[in-house]
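# Overview (structure and organization)
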Amino acid sequence: AQTVTQSQPEMSVQEAETVTLSCTYDTSENNYYLFWYKQPPSRQMILVIRQEAYKQQNATENRFSVNFQKAAKSFSLKISDSQLGDTAMYFCAFTPNGNDMRFGAGTRLTVKP
Amino acid sequence: DVKVTQSSRYLVKRTGEKVFLECVQDMDHENMFWYRQDPGLGLRLIYFSYDVKMKEKGDIPEGYSVSREKKERFSLILESASTNQTSMYLCASRHGRNQPQHFGDGTRLSIL
């Protein structure tokens, strides 16, 4: 089964601190893409970061970075210097066969002032 | 920027009604998707389309149908709405395989 597991339904972090959201997935495919999406309250879902499975180097986008462990099928998201605007639902997703996208259940992150 | 527009942010319908949710994208994307989002379940794929007049079932197609007569428009149809279809519905589009999907604002549908 092509599944995505986010084991932390809710998390909180103090402003300016660092937080890591975990994600594991299951697939027998070798080539696929992984994504983290952010959905702010009552707002549109937007892409945070993308990782290609055949690339060993972890992707980075400003304060957002991933720790991709292909053998462990793990794809965690690290948010550095957390800001109030980072408060949102975060979804981990991947495309096991290049076509449809599989999503996790989401992690609700609250950044506290 | 890609713009994916869903026709309604909020919609209230009665059980048994036929309900249409419309989605339009402005970037000539081949692929379009309909998801429903429920707390604790994430996003589940209802239907997707690779091209005009083409459609594929996702994980939860029962009770739904879709229409794609034009490349930019992908419609989700609830043939006979039921209370268990109360949910947030998200439309998305993308250019090709393995590319990120671009989402609309969502339609929060309530079936009474």
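See the structure above.
Residues numbered from 1 in each chain as written. Chains lettered and ligands numbered in written order. Predicted model: local features only at pLDDT ≥ 70, side-chain atom pairs only at ≥ 80, totals over all residues. Heavy atoms only, no water.

### Some details on the overall build of chain B
Along chain B, the regular secondary structure elements total 0 helices and 11 strands. Moving toward the C terminus, one meets the helices and strands of chain B in the order β-β-β-β-β-β-β-β-β-β-β. Taking 2.2 N^0.38 as the reference for a compact globule, 112 residues should give roughly 13 Å; the C-alpha atoms of chain B span a radius of gyration of 13 Å, in line with that estimate. Structurally, chain B occupies a C-alpha span of about 35 × 30 × 25 Å along its principal axes. Out of the 112 residues in chain B, the part that is buried amounts to 49%. Nonlocal contacts in chain B, meaning residues at least 24 apart in sequence, comprise 55% of its contacts between residues at least 6 apart. (Helix = DSSP H or I, 4+ residues; strand = E, 2+ residues; numbered from the N terminus. Rg over C-alpha atoms; globule rule 2.2 N^0.38 Å. Buried < 20%, exposed > 50% of the residue type's maximum accessible area, 1.4 Å probe, protein only. Contact = heavy atoms within 4.5 Å.)

### Here we look at the side chain of glutamine 101 of chain B
Of note, glutamine 101 of chain B is situated in the loop between β9 (87-94) and β10 (102-103). Looking at glutamine 101 of chain B, its side chain comes within polar contact range of the side chain of tyrosine 35 of chain B, at 2.9 Å. Setting aside residues up to four positions removed in sequence, glutamine 101 of chain B forms contacts with Tyr37 and Met101 of chain A together with Phe33, Tyr35, Ala92, Ser93 and Arg94 of chain B. (Polar contact = N/O pair within 3.5 Å; in protein donor to acceptor, adjacent residues only side chain to side chain.)

### Some points on the sheet that holds strand β1 (residues 4-6) of chain B
Strands belonging to one sheet form pairs held by backbone hydrogen bonds; the direction of such a pair is parallel or antiparallel. All names here are of chain B. Strand order in the open sheet made by the 4 strands is β1-β3-β8-β7, with antiparallel pairing throughout. Of all the strands in the sheet, just β1 and β7 (64-70) have a single pairing partner and so form its edges. Here the average twist between neighbouring strands, direction ignored, is 20°. Pairing of strand β3 (residues 19-25) with strand β8 (residues 73-78) involves 6 bridges; the strand directions are antiparallel. Bridging across to β8, leucine 21 finds its partner in leucine 76. (Pairing = 2+ DSSP bridges. Axes fitted to C-alpha atoms, helices over the stretch in contact; angles between N-to-C directions.)

### Examining the interface of chain A and chain B
Each partner contributes to the interface: chain A provides 20 residues, whereas chain B provides 22 residues. Summing the contributions of chain A and of chain B, the shared interface buries around 1,800 Å²; its carbon and sulfur component is 47%. For chain A, the biggest contributors to the area lost against chain B are Gln44, Asn99 and Phe103 of chain A; these three give 29% of the whole. Where chain A meets chain B, there are 1 salt bridge. Across the pair aspartate 59 of chain B and arginine 102 of chain A runs a salt bridge, and its minimum N-O distance is 2.6 Å. Counting across the chain A and chain B interface gives 6 residue pairs in polar contact (both at pLDDT 80 or more). At the level of elements, β5 (33-39), β6 (46-52), β10 (88-95) and β11 (102-103) of chain A are the ones that each hand at least two residues to the side of chain A that touches chain B. Looking at the side of chain A that touches chain B element by element, the count peaks at 4 residues for β5 of chain A. (Buried area = accessible area lost by both parts, 1.4 Å probe. Salt bridge = Lys/Arg side-chain N within 4 Å of Asp/Glu carboxyl O.)

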